[in-house]
Amino acid sequence: MSAPRSVRFDDTVLRRLDGYVRSHSGSSASSVINLFVDEALRAEEHPGIVFRAGPSGRRAGLVDGPDIWEVIATLRSLQESDKNLADDSLVEETADSLGLSVRQVRRAVRYYADFRAEIDDRITTNDETASRDEAIWLEERRVLRTDGRSA
């Protein structure tokens, strides 16, 4: 549920906000303000986390490392490949695998614990996109192997 708030912005902030909204079709000043306040609060609650724009939308990442979904996807993959891997060993193995520090992995896991559904959705979407892209690539390879003849 949303509730209206009266907020005063400096003129320079308003100009920058208006410019941002104009350059991002489909967004409104209200939705942008809500997004950026939410991200600022999350970053405050989770030091070392930043938000990045990209082709698939904005996403949480380590300030000095990869996106959170990448860390968690790696952690899960390691966990699936070795069911005995857990706790500190799992964190250390994930860190080694990604070239990160244990502290960075723990930071990502902490954010994930707080925003699990968001990260799970991003992992699922990325997995689906990768599968679709692989299928297209395999079909392209098949077409190219037929030397232009119909299959």
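Bear in mind the structure is a predicted one, so any value in this text is a computation, not a measurement. (Residues numbered from 1 in each chain as written. Predicted model: local features only at pLDDT ≥ 70, side-chain atom pairs only at ≥ 80, totals over all residues. Heavy atoms only, no water.)

Points about the pairing of strand E1 (residues 49-52)
Moving on, step 1. The side-chain alternation of E1 yields one buried face, formed by Ile49 and Phe51, and one unburied face, formed by Val50 and Arg52.
Moving on, step 2. Judged from the 4 bridges that link them, E1 and strand E2 (residues 59-62) form a sheet pairing that is antiparallel. Directly across from Arg52, in E2, lies its bridge partner Arg59.
Moving on, step 3. Counted between consecutive antiparallel strands, the loop separating E1 from E2 contains 6 residues, among which Gly57 sits at a positive phi close to 105°. (Buried < 20%, exposed > 50% of the residue type's maximum accessible area, 1.4 Å probe, protein only. Helix = DSSP H or I, 4+ residues; strand = E, 2+ residues; numbered from the N terminus. Pairing = 2+ DSSP bridges.)

Looking at the layout of surface pockets
Moving on, step 1. The space that makes up the largest pocket amounts to roughly 340 Å³.
Moving on, step 2. In this structure, the largest pocket is lined by Ser2, Ala3, Pro4, Arg5, Val7, Phe9, Ser30, Ile33, Asn34, Val37 and Asp38.
Moving on, step 3. In terms of residue class, the lining of the largest pocket is built from 6 nonpolar, 3 polar and 2 charged.
Moving on, step 4. Taken as a whole, the second largest pocket holds about 160 Å³ of empty space.
Moving on, step 5. If you go around the second largest pocket, the residues you meet are Phe9, Val13, Arg16, Leu17, Tyr20, Val32, Ile33, Phe36 and Val37.
Moving on, step 6. Within the residue set of the lining of the second largest pocket, elements represented by two or more residues are helix H1 (11-23) and helix H2 (29-45).
Moving on, step 7. When the residues that make up the lining of the second largest pocket are grouped by side-chain class, the tally is 8 nonpolar, no polar and 1 charged. (1 Å grid on protein atoms, 1.4 Å probe; cavity = no way out; pocket = protein on both sides within 12 Å on 5 of 7 lines; lining within 4 Å. Points joined across faces, edges and corners; volume = space filled by probe spheres on them. Nonpolar A, V, L, I, M, F, W, Y, C, P; charged D, E, K, R; others polar.)

Function cannot be inferred from these measures alone, as they are strictly geometric.
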